[in-house]
Amino acid sequence: MGGGNLGLMVEMTIYGVSFDLVGKQPIVLLKTAEGNRYLPIWIGHPEAAAILMKLQGATAPRPLTHDLLVNILNELEVEVLRVTVTELRENTFHASITVQHNGSELEIDSRSSDAIAVAVRAQVPIYAADDVIEESAIEFEGEDVSEEDIVDEFKKFLDRVSAEDFAEAESEIEAEEEDDD
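All figures in this text were calculated on a predicted structure; none of them were measured in a lab.

Visitor: Please clarify how a nonpolar patch on the surface should be interpreted in this entry.
Guide: A cluster of nonpolar residues, Leu68, Ile72 and Leu76, forms a patch on the protein surface that exposes about 280 Å² of accessible area. Within the secondary structure, Leu68 is located in helix 2 (residues 65-75).

Visitor: What should I look at first to understand helix 3 (residues 112-122) in this one?
Guide: An α-helical turn contains 3.6 residues, so a residue and the one three or four places further along point in the same direction. Burial analysis of helix 3 places ten of its eleven residues in the buried class, the great majority of the element. Residues of helix 3 that are buried: Ser112, Ser113, Asp114, Ala115, Ile116, Ala117, Val118, Ala119, Val120 and Arg121. At the C-terminal side of helix 3, Gln123 shows a positive phi close to 55°.

Visitor: Just checking my understanding: could you explain the packing of aromatic side chains for this structure?
Guide: Where two aromatic rings form a pair, the distance of their centres and the angle of their planes describe that pair. Scanning the model with the defined rule gives one aromatic pair in all. With a centroid separation of 5.1 Å and an interplanar angle of 85°, the aromatic rings of Tyr15 and Tyr38 are classed as edge-to-face. Pair noted here: Tyr15 is in strand 1 (residues 9-20) and Tyr38 is in strand 3 (residues 37-42), with a separation of 23 residues, a long-range link.

Visitor: What exactly am I supposed to notice about the packing of helix 1 (residues 45-55) against helix 3 here?
Guide: Axis angle and axis distance: for two packed helices, these are the angle between their axes and the distance between the axes, and together they describe the pair. Across the interface, helix 1 lies against helix 3 with an axial gap of 9 Å and an inter-helix angle of 20°. The angle between helix 1 and helix 3 places the two elements in the roughly parallel class. Remark: the crossing between helix 1 and helix 3 carries left-handed chirality. Touching Glu47, Ala50, Ile51, Met53, Lys54 and Leu55 of helix 1 are Ser113, Asp114, Ile116, Ala117, Val120 and Arg121, all from helix 3.

Visitor: Please clarify how the sheet that holds strand 2 (residues 25-32) should be interpreted in this entry.
Guide: Sheet strands pair by backbone hydrogen bonding; their relative direction is either parallel or antiparallel. Strand order in the open sheet made by the eight strands is 6-5-4-7-1-2-3-8, with mixed pairing throughout. Each end of this open sheet is capped by a strand with a single partner; those strands are strand 6 (104-111) and strand 8 (138-139). Strands strand 1, strand 2 and strand 6 of the sheet are contacted by helix 1, whose axis makes an angle of about 110° with strand 1.

Visitor: Explain the environment of Val70 to me, please; I cannot follow it from the model alone.
Guide: Checked against the element boundaries, Val70 lands in helix 2. The exposure class assigned to Val70 is buried, which follows from its relative accessible area of 8%. Here the alpha-carbon distance between Val70 and Ala122, two residues 52 residues apart in the chain, equals 6.6 Å. For Val70, the residues in contact, after removing those within four places along its chain, are Val118, Arg121 and Ala122.

Conventions used here
- Residues numbered from 1 in each chain as written.
- Predicted model: local features only at pLDDT ≥ 70, side-chain atom pairs only at ≥ 80, totals over all residues.
- Heavy atoms only, no water.
- Patch = residues over 30% accessible without salt bridge, like charges linked within 9 Å, V, L, I, M, F, W, Y side chains within 5 Å.
- Areas by Shrake-Rupley, 256 points an atom, 1.4 Å probe, with all protein chains shown as cover.
- Salt bridge = Lys/Arg side-chain N within 4 Å of Asp/Glu carboxyl O.
- Helix = DSSP H or I, 4+ residues; strand = E, 2+ residues; numbered from the N terminus.
- Buried < 20%, exposed > 50% of the residue type's maximum accessible area, 1.4 Å probe, protein only.
- Phe/Tyr/Trp six-rings, centres within 6.5 Å; stacked < 30°, edge-to-face > 60°.
- Axes fitted to C-alpha atoms, helices over the stretch in contact; angles between N-to-C directions.
- Parallel < 35°, antiparallel > 145°, perpendicular 65-115°, else oblique.
- Left-handed = near helix turned anticlockwise from the far one by under 90°.
- Contact = heavy atoms within 4.5 Å.
- Pairing = 2+ DSSP bridges.

Here is the structure:
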């Protein structure tokens, strides 16, 4: 089970964690390592807290679930290699955590929020399948984009879109933006 069927991968960085002000759902914003494409992934509050805590360098007095998972893997000498957002299926991002044990790689199915929370703890790269980027990423022109621009753009985007019609809304947004100028 090598990840051969996943096609092309794009390396992502975590740009930040934001809030969908409409649905009060946290969103983790992944950015392509090269270029200005952003992939918003709706996540749960516990996972948002787990990701933010690690990004901000805070530690819990006792291991939380994701810490525990990474600790167990370490103790069993299983190395986390990377996590990948593999597809958007029925409005949910699916992910996999790739681990190595005794020289063989295993792909473990995961919610994308858990995969990202594990990635920040294990300090491994995050990838997204090319298809996912093509379908769901928001692109910004120019290099001088600020976090505020993204959040504003994102809010405009969220005003017009719910998590459900996320995938099909994007082409309309691009068309509208051209009319705004």
